[in-house]
Amino acid sequence: MRTLTRVSAHVVVAPDSFKGSLAAPDVAAALEAGVRAAAPSARVTSLPLADGGEGSLAALAAAWGVPQRPVSTVDALGRPTTAHWAMSPDGRTGVVELAQASGLPAVADVQPPQPLAAHTRGTGALAAAVLEAGVEEVIVCLGGSASTDGGAGLLTGLGVRVLDGRGVPVQDGGAGVAEAASLDLSGLHPRAREVRWRVAVDVSNPLTGEHGAAAVFGPQKGAEPGDVAFLDEALARWAGVLERATGRAVRGLPGGGAAGGVPVALVAVLGATVERGIDLVSRAVGLPAALEDADLVITGEGRFDAQSVHGKVPDGVARAAAASDRHPPVVVVAGQVDLPQSQTRASGFRAAISLASGPATLDELLADAPRRLTEVAAAVTALVLGPEV
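About the thresholds
- Residues numbered from 1 in each chain as written.
- Predicted model: local features only at pLDDT ≥ 70, side-chain atom pairs only at ≥ 80, totals over all residues.
- Heavy atoms only, no water.
- Pairing = 2+ DSSP bridges.
- Helix = DSSP H or I, 4+ residues; strand = E, 2+ residues; numbered from the N terminus.
- Axes fitted to C-alpha atoms, helices over the stretch in contact; angles between N-to-C directions.
- Contact = heavy atoms within 4.5 Å.
- Buried < 20%, exposed > 50% of the residue type's maximum accessible area, 1.4 Å probe, protein only.
- Polar contact = N/O pair within 3.5 Å; in protein donor to acceptor, adjacent residues only side chain to side chain.
- Salt bridge = Lys/Arg side-chain N within 4 Å of Asp/Glu carboxyl O.

1. Points about the sheet that holds strand 4 (residues 80–87)
In a beta sheet, neighbouring strands pair by backbone hydrogen bonds and run either parallel or antiparallel. Spatially, 3-4-5-6-9-10 is the arrangement adopted by the 6 strands of the open sheet, whose pairing is mixed. Lying at the two open borders of the sheet, with one neighbouring strand each, are strand 3 (69–74) and strand 10 (273–276). Neighbour to neighbour, the strand axes of the sheet diverge by 30° on average, direction disregarded. Of the pairings in the sheet, the one linking strand 6 (residues 137–141) to strand 9 (residues 196–201) comprises 5 bridges and is parallel in character. Note that in strand 9 the partner of Val140 across the bridge is Val199. The strands touched by helix 9 (residues 262–270) are strand 6, strand 9 and strand 10; relative to strand 9, the strand with the most contacts, the crossing angle is about 160°.

2. Brief notes about the side chain of Asp164
Counting through the fold element by element, Asp164 comes out in the loop between strand 7 (161–163) and helix 6 (174–177). Residue classification places Asp164 among the buried positions, given a relative accessible area of 11%. Within polar-contact distance, the side chain of Asp164 engages the backbone nitrogen of Arg166 at 2.8 Å.

3. What about the pattern of salt bridges?
Per the stated rule, a full pass over the model turns up 23 salt bridges. Where Asp295 meets Arg326, a salt bridge forms, and the shortest distance between an N and an O atom there is 2.6 Å. Here the residue Asp295 occupies a position in the loop between helix 11 (287–291) and strand 11 (296–304), and Arg326 occupies one in the loop between helix 12 (313–323) and strand 12 (330–337), the gap between them amounting to 31 residues. With relative accessibility at 36%, the residue Arg326 sits in the partly exposed group. Note that Glu375 and Arg371 form a salt bridge whose closest N and O atoms lie 2.6 Å from each other. Of this pair, Glu375 and Arg371 are both found in helix 15 (residues 369–385), 4 residues apart, which corresponds to roughly one turn of the helix. Its relative accessible area of 34% is what places Glu375 among the partly exposed residues. Looking at Arg371, the relative accessible area reads 44%, which means it is partly exposed. Counted as one network, the salt bridges with shared partners bring together Glu137, Arg196, Arg198, Glu275 and Arg283.

4. Considering the sheet that holds strand 11
Strand order in the open sheet made by the 5 strands is 2-1-11-12-13, with parallel pairing throughout. Only two strands of the sheet have a single partner each, and these edge strands are strand 2 (43–46) and strand 13 (351–354). Averaged over all neighbouring strand pairs, the angle between strand axes comes to 25°, with direction disregarded. In the sheet, strand 12 pairs with strand 13 via 4 bridges, with the strands oriented parallel. Counted as the bridge partner of Val333 is Ile353 from strand 13. Packed onto the sheet, helix 12 meets strand 11 and strand 12 and runs at close to 160° relative to strand 11.

Here it is, written out as structure tokens:
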């Protein structure tokens, strides 16, 4: 490894959350503490990240240094709740995280689950509040959805009427989408088509079929086999309604199955672009620019495995580092590492280091994560950057 003086060194800390234990800003803080302990004179840039799913709002707000703004809305079953959004420091970009209003954990208390009734109308109301703030673009981060409504509820929250064959508004949820025949766009929020919409996804699944929203993610939301078949047919019908109403083809949209099919509605009606979540979040917080003069990059997540190198945060960080002029070494710190060293290095990482110092369960590791993160970050920094002169 090359040896650099700590005085001139620039270390970028860019981790994901350790799900179930630490949010990304907390992971970043622990890693930063380790870097500063080993290299007091180094410049440290802390950029908590997310892959476009749950935690993306917190990561962006922390990186921007802005508060999360509360909005009164409804959850995926129509019950009153409070959700949050964030605005970039320049006031141009608003960030909405679907899980805030329409997430699965918020309706887990309702048993049995209601996969046909769950909807995204609360996220639509949240997005409407963002539009009222005067932003120029809206980033919608998907993931953790409780619903399979193809984004019909989100459109409803923005003023669209989804009508059945008699011209009557359909009920919320996948059950209502199954009855959809047309759209009434006359009540769409007046600013909805004035802004740029960007959709962050962390999966590439299509809308329908064996790899679609209902088949792959429906069971996680309580859908039985009969419900899955019903919802898959409903989403196919919904795609036809959207295409006839807008003239935009969405049936084969890559990532269209994310969050129960929400991207197809945003693309069809609002002309949204669908982007890989980690890339979108990375650009939004300024990761590419930070990497241009970085000497070391430390990223991390709860478990580093084969999925980590296919669109998750460590993969995005490694690709961004490889694309920079400096090509700084990237080290992963994780609760557990389940990827062979050869595959780790082939995927663009200098090393992947587990927090485990001996046999332990993942829960045990995560409970002691802040202290161990700091210790490991200090050791990595000292090893890569070398002695201070």
